[in-house]
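So the chains spell out like this:
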Amino acid sequence: MALPLTLYLLVFLPFIAALLIAIGSGKGRALHSGIAAAGSALGLAIVFAMAGRVLGGEVPTVSAPWVPTLGLDFSLMIDPLGLMFAVMILGIGLLVVIFGHFYLSPTEATGRFFASLMLFQGAMLGIVVAGNVLLLLVFWELTSLSSFLLIGFWKHKAEARQGARMALAVTGGGGLVLIAGMVLLGSVAGSFDLMTILQRGDVVQASPLYPVILILILIGCFTKSAQFPFHFWLPHAMAAPTPVSAYLHSATMVKAGIFLLARLWPVLAGTGLYTMTVTSVGLITMLFGAWVALFRHDLKSILAYSTISQLGLLVMLLGFSAKMAVVGAVLHIINHAAFKAALFMSAGIVDHEAGTRDIRKLGGLAKVMPITALVATIAGASMAGLPPLGGFISKEMMLDETLHVSLFTIPWLVPVVATVAATLSVAYSFRLVAHLFFGKPRDLQAHDKAHDPGLGMWASPAFLVAVAVLLGLIPMTLAGPLVSAVVEAVTGEASPPLGFALWHGINPALGMSVAAVAIGTALVWRHAGLQRAYDGLRHVDAKTLFDRAMALTDRRIRKLIVAVHTPSLQRMLLATFAAIVVLIIDGAAMGGGRLTGPRAGLPASTIAVVAWGLLIAATLAVVLAQRQRFLVLIFVSVIGLVIALAFVHLSAPDLALTQISVEVVTILLLLLALNLLPKTPVQLSSNTRRIRDGVLAILGGLGVGGAAWAMLTRNPNNPISSYHIANSYTGGGGTNIVNVTLVDFRAFDTLGEIIVLGIAGLAIYAMLDTTERGAAGARLRAWQEDMPHSPERHPLMFVMATRILLPLVLAVGIFIFLRGHNQPGGGFIAALVIAIAFLLQYLASGFDWTDARRKVGEHMLIASGVLVAVATGLGSLLFGANFLTSSFGYFDVPFIGEVELATAMLFDVGVLLVVFGAVMQALAQLSQIAQRAARSHVARTNIQQGDES
Amino acid sequence: MTLELLFATAIGVLVAGGIYLSLRGRTFQVVLGLTLFSYAVNLFLFASGRLTIDRAPILSKAASSYADPLPQALVLTAIVITFGMTAFAVVLALRSFLESGSDQVDGDDAACDRHAKPSVTSEPSE
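What counts and how
- Residues numbered from 1 in each chain as written.
- Chains lettered and ligands numbered in written order.
- Predicted model: local features only at pLDDT ≥ 70, side-chain atom pairs only at ≥ 80, totals over all residues.
- Heavy atoms only, no water.
- Helix = DSSP H or I, 4+ residues; strand = E, 2+ residues; numbered from the N terminus.
- Buried < 20%, exposed > 50% of the residue type's maximum accessible area, 1.4 Å probe, protein only.
- Contact = heavy atoms within 4.5 Å.
- Areas by Shrake-Rupley, 256 points an atom, 1.4 Å probe, with all protein chains shown as cover.
- Lys, Arg positive; Asp, Glu negative; His and termini not counted.
- Charge placed at Lys NZ, Arg CZ, Asp CG, Glu CD.
- Phe/Tyr/Trp six-rings, centres within 6.5 Å; stacked < 30°, edge-to-face > 60°.
- Lys NZ or Arg CZ within 6 Å of the ring centre and 35° of its normal.
- Core = buried A, V, L, I, M, F, W, Y, C linked by side-chain atoms within 4.5 Å.
- Buried area = accessible area lost by both parts, 1.4 Å probe.
- Salt bridge = Lys/Arg side-chain N within 4 Å of Asp/Glu carboxyl O.
- Polar contact = N/O pair within 3.5 Å; in protein donor to acceptor, adjacent residues only side chain to side chain.
- Axes fitted to C-alpha atoms, helices over the stretch in contact; angles between N-to-C directions.
- Parallel < 35°, antiparallel > 145°, perpendicular 65-115°, else oblique.
- Nonpolar A, V, L, I, M, F, W, Y, C, P; charged D, E, K, R; others polar.
- Pairing = 2+ DSSP bridges.

The next thing to look at is the overall build of chain A. A tally of regular secondary structure across chain A gives 39 helices and 4 strands. Taking the principal axes of its C-alpha atoms as reference, chain A extends roughly 115 × 80 × 70 Å. The proportion of buried residues among the 949 residues of chain A is 54%. Residue pairs in contact within chain A that sit at least 24 positions apart in sequence constitute 78% of those at least 6 positions apart. Just so you have it, chain A exposes about 39600 Å², and 70% of that area is on carbon and sulfur atoms. Positive and negative side-chain charges in chain A, numbering 57 and 45 respectively, have mean positions lying 9 Å apart.

From N to C terminus, chain B includes 4 helices and 0 strands. When the helices and strands of chain B are placed in sequence order, the string is α-α-α-α. Taking all 126 residues of chain B together, the buried fraction comes to 61%. In the structure as shown, chain B presents an accessible area of about 4800 Å², 61% of it carried by carbon and sulfur atoms.

Counting across every chain of the model gives 18 aromatic pairs over all chains. Seen in terms of ring centroids, phenylalanine 113 of chain A and phenylalanine 153 of chain A are 5.1 Å apart; in terms of plane orientation they differ by 75°. Their pairing is edge-to-face. Residue phenylalanine 113 of chain A is located in helix H4 (residues 110-129), and its partner phenylalanine 153 of chain A is located in the loop between helix H5 (133-151) and helix H6 (158-189); the two are separated by 40 residues in the primary sequence. The exposure classification of phenylalanine 113 of chain A matches that of phenylalanine 153 of chain A, with both residues buried. Three or more aromatic residues link up through ring pairs in this structure, and these residues are Tyr8, Phe12, Trp66 and Phe74 of chain A. One Lys or Arg, arginine 803 of chain A, reaches over the ring of tryptophan 849 of chain A and ends 3.8 Å from the middle of that ring. A cation over an aromatic ring shows up here: arginine 24 of chain B above the ring of tyrosine 20 of chain B, its NZ or CZ 4.4 Å from the ring centre.

With an omega of 5°, the peptide bond between phenylalanine 228 of chain A and proline 229 of chain A qualifies as cis. Inspection of the secondary structure assignment puts proline 229 of chain A in the loop between helix H9 (210-224) and helix H10 (233-236). A positive phi angle is found at alanine 226 of chain A, which is not glycine, with a value near 50°. Assignment of secondary structure puts alanine 226 of chain A in the loop between H9 and H10. The phi torsion at arginine 50 of chain B lies on the positive side, around 65°, for a residue other than glycine. Arginine 50 of chain B gets classed as buried once you look at its relative accessible area, which sits at 10%.

For the rest of this paragraph, the subject is the environment of lysine 224 of chain A. All names here are of chain A. In this structure, lysine 224 sits in helix H9. Along the chain, lysine 224 and isoleucine 616 lie 392 residues apart, while their C-alpha atoms are 65 Å from each other. Excluding residues that lie within four positions of it along the chain, lysine 224 makes contacts with Trp140, Thr143, Ser144, Thr171, Trp233, Met253, Val254, Ala256 and Gly257.

This part takes up the environment of serine 33 of chain A. Here serine 33 of chain A is to be found in helix H2 (residues 29-55). For the pair serine 33 of chain A and phenylalanine 114 of chain A, spaced 81 residues apart in sequence, the C-alpha to C-alpha distance is 6.4 Å.

Ranked by size, the top nonpolar core spans 197 residues in total, and within it Met182, Trp233, Tyr274 and Val483 of chain A carry the most contacts. Of all the elements, helix H16 (residues 323-354) of chain A adds the most residues to this core, at 19 residues. Discounting residues that sit within four places of it in the chain, tryptophan 233 of chain A has contacts with Met166, Ala167, Val170, Thr171, Thr223, Lys224, Ala226, His249, Met253 and Val254 of chain A. Ile643, Leu913 and Ala933 of chain A together with Leu23 of chain B belong to the second-largest nonpolar core, a separate cluster that totals 130 residues.

On to the interface of chain B and chain A, then. Listed per partner, the contact involves 92 residues of chain B and 119 residues of chain A. Buried surface at the junction of chain B and chain A, summed over both partners, amounts to about 9600 Å²; 76% is from carbon and sulfur atoms. Applying the counting rule to chain B against chain A returns 2 salt bridges. One salt bridge in this structure joins arginine 629 of chain A and aspartate 103 of chain B, with 3.4 Å as the shortest N-O distance. Counting every contact that joins chain B to chain A gives 22 residue pairs in polar contact (both at pLDDT 80 or more). Among the secondary structure elements, those contributing two or more residues to the side of chain B that touches chain A are helix H1 (3-22), helix H2 (27-47), helix H3 (69-100) and helix H4 (111-116) of chain B. Here the side of chain B that touches chain A gets 27 residues from one element, more than from any other, and that element is H3 of chain B.

Remark: helix H27 (residues 606-624) of chain A packs on H1 of chain B, axes separated minimally by 10 Å, with the N-to-C direction vectors making an angle of 10°. The angle between H27 of chain A and H1 of chain B places the two elements in the roughly parallel class. Residues Ala608, Val609, Trp612, Leu615, Ile616, Thr619, Val622 and Val623 of chain A of H27 of chain A pack against Leu3, Leu6, Thr9, Ala10, Val13, Leu14, Gly17, Tyr20 and Leu21 of chain B of H1 of chain B. Here the contact of H27 of chain A with H1 of chain B is built from residues that sort into 14 nonpolar, 3 polar and no charged.

This part is about the environment of phenylalanine 74 of chain A. Residue and element names in this part refer to chain A. Secondary-structure assignment places phenylalanine 74 in strand E2 (residues 72-77). In this structure the C-alpha to C-alpha distance between phenylalanine 74 and valine 62, which are 12 residues apart in sequence, comes to 8.1 Å. Among residues more than four places away in sequence, those in contact with phenylalanine 74 are Tyr8, Phe12, Val62, Ser63, Ala64, Trp66, Leu135 and Phe139.

Before going further, it helps to spend a moment on the pairing of E2 of chain A. Residue and element names in this part refer to chain A. Counting buried residues along E2, 5 of its 6 residues qualify, which places the element largely inside the surrounding structure. One ladder, built from 6 bridges, connects strand E1 (residues 61-67) with E2; its direction is antiparallel. When the bridges of E2 are listed, serine 63 appears paired with serine 75. Here E1 folds back onto E2 in antiparallel fashion, the turn holding 4 residues, of which glycine 71 has a positive phi close to 80°.

This brings us to the pattern of salt bridges. Residue and element names in this part refer to chain A. Across all of its chains, the model carries 13 salt bridges over all chains by this definition. A salt bridge links glutamate 493 to lysine 323; the nearest nitrogen and oxygen atoms lie 3.1 Å apart. One end of the pair, glutamate 493, is in the loop between helix H22 (475-491) and helix H23 (508-525); the other, lysine 323, is in helix H16, with 170 residues separating them in the sequence. Here glutamate 493 falls in the partly exposed class, since its relative accessible area comes to 45%. Where salt bridges share partners, they join Asp298, Asp351 and Arg357 into one cluster.

Moving on, we get to the side chain of glutamate 858 of chain A. All names here are of chain A. Summarising the element assignment, glutamate 858 is placed in helix H38 (residues 858-878). With a relative accessible area of 5%, glutamate 858 lands in the buried category. Setting aside residues no more than four positions away along its own chain, glutamate 858 makes contact with Tyr842, Gly917, Met920, Gln921 and Ala924.

Written as structure tokens, this is what we have:
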């Protein structure tokens, strides 16, 4: 396969998988995880296929302009750094999918789960292969959004919702800051192309904006990678299902910040400000995370704080601005991904099999779940940095590097704090393993329940642990070439010679390491006393602070809204109308001329005058009888009818057809709504208010009517319509210019309009579908019939007549549709006519009867309509024409004769589907609500009658 | 009397009725007001093509001049969109009535206060 396609495929694969899973969300768990696993595996295969070339120094790149005016290109590139992350994202992703398949029960919403997981995978992959910083930001935000879905997956749990919201607020907020930083960076560097930016590090660092850029970007990275003081979202994100934690918090989400730091290393690193800020934030986070992790009781919480600590370690190493430190960081990224994902999965297994994650209730599990114990112990040992595991090598490198750094001109500060943090890491790792798997069981109930899971669940962590062991035993073979290539990609210079090995002879780093293990072991031995001391300290609860800050922001914003935007529709409308009246009067005064223009009028026939009189009378009647609501509907329909007749008279047959059918549908809609609304409410406004409104209304009427009169009595100024008339047949292939305008000349407008209509339909569904719940549901169930109804719910004559009418009306609708291009008609009108035929079935035979016979849902109609219309438009792109260009031809069909087929007709099919869907959505939903209310009323009446008899 | 005069006065009356009803305090009246107002707007748009009799915008060899097709096309979609808007407003009104037990557009007198903090939903009155 050609290279550009492969890169695009790599990025789009997870999104395609997510879409497929979402489409098949009604199917079983195996399908969902199967698609997810296949997608990840295929992506992994693509990456491996490219690996040779990428490590050989080639950087596959593709680029397509997206929004060229902003400098946003859809450009992708994969260098060794991107490759390493892509392998982790896809590889651990695959293992997590396998683990998740067995972890989640088939009764859970596995479709939603795996679809969100794939969405996240795609977003994460996008970050690491993006070749344009603006594109990177798009994917960056997408990881925040998709992780929100994943963390809040168990949406019935309050802590999951709160954790998800907090993660979104912190990482999403950091993302916004990052956008500011990246835009500044791009403008200083003169390009948003990543490769170009990376080569202009000196320009950026010389700029006076450098400190601002640095701080903004660092805030973005630190929020994402849970650095102090933005770390608090991560422990709360543990409310997510464990496979999510294993994925997001070992190799992906939280590593995005680390990735970006490494990516922008040549641009940002090396200055005093950078070294000081990044090193100290990393150091504090490392120490703080390790300290808290030692005293947590929830397994996942321990792992969360240990992750914070390890991320601090990585940030610190990148902060040293030294090449050897980058080597250590890169190696530790790999190590951490392996052991942390394995530990999260082990914690998930324990939770799954023992029913609790509280370390105080667990213990001695090695006897009942030996495989899990073995896996978790090795992973824990790697986290503690014990030989002969991968964690040992990277920790040694870290300790060694600290000796070369002096922070705040104090040479011993970094090594000492780092050793203390390493000691605490040893302690929390040992405690985790020892209290979980060894010693005596603390809670027999949990202990007796526990057992090793099936192969499916332990296979993934076992594989990762095997990698962790090999990273210690054969580090040069397994990671040497990769790490050296990645370091070259990060620093932009040749990598220093690497010599990963377990034994480097006796050196200061080894001494620090031995001290850390010895003291760490002692800490675990004396843990009970330490814990008591820790519990005695006062702790700041980050969540309370966060909640308080959020509540405060919320209150301020509400106050601000009320201050600038009065929450009264009446007052706002009054202001709007008054402004319009003033503008019209002002315009008339500025125009300064006469109201009446020179254009000669058309004589009015007697019928026209009578119709006009009817319209005026009906409008007045609507206003006067506004509280007798059923009566008003009759007057409204009179107005609509007169307008439809006016369209007939004034040479607008298409409009007349549309108006009359919309009129029917609107009156049906209002009737249905009135069924549930109060029929004759009491008067609300005071007399002065009514006089005020009346005066404004009359002024407005005079103004608009006068404007209409002024326009009608003047000749149009060079209208563009002549183009439409001249080209309708030759260019659009139809003689009905109105229809050709709709589906061809101005098809883009029409597309927008049907989309709006579709959205209105869906919004109506959203509003009505949830009326069952809460106060609305209670009110609906308590609904009383407040007017006499026919004793016969489905009158036989009505039912029979509508059923006979249905096929006839359908035929009429199809006829109207087909002739639309050349005669009055078309998709809009046909859809309304057909909708009326169906609505009659609902009215006559009841919602249930009709609904049971319905084959296609309205959602589907709206969606497919929009898709058909868009696809028709895109089709013209294939032939090199502009979007929505139509083409047509004449074909000779046997027996029928010459038939014209235009692509515009296909577009009109889309219009028909959307309009039909939206109309049906609105009315069918409304009738369902009304019928449900009526039924519960009947049921209650029957019960009451039963009680009385 | 000319057709233009009838047309312009009809628009004026519809606008006046529309404004007056839109300013009423109950949702259903506001919906009615919107309906009248939309009629007027559609007619106004249509009027921008000027009034013509017996000249439909259908091409034929016999016709020498046509009605202006462009405003007609715009008004056609506007009529359908108007329906979408009315339906949305009606459903919004219904939902708000079911939710709060009141069909007033601004809730009740305490509307301003209620916007400041989440409303406490009361039980429906029997």
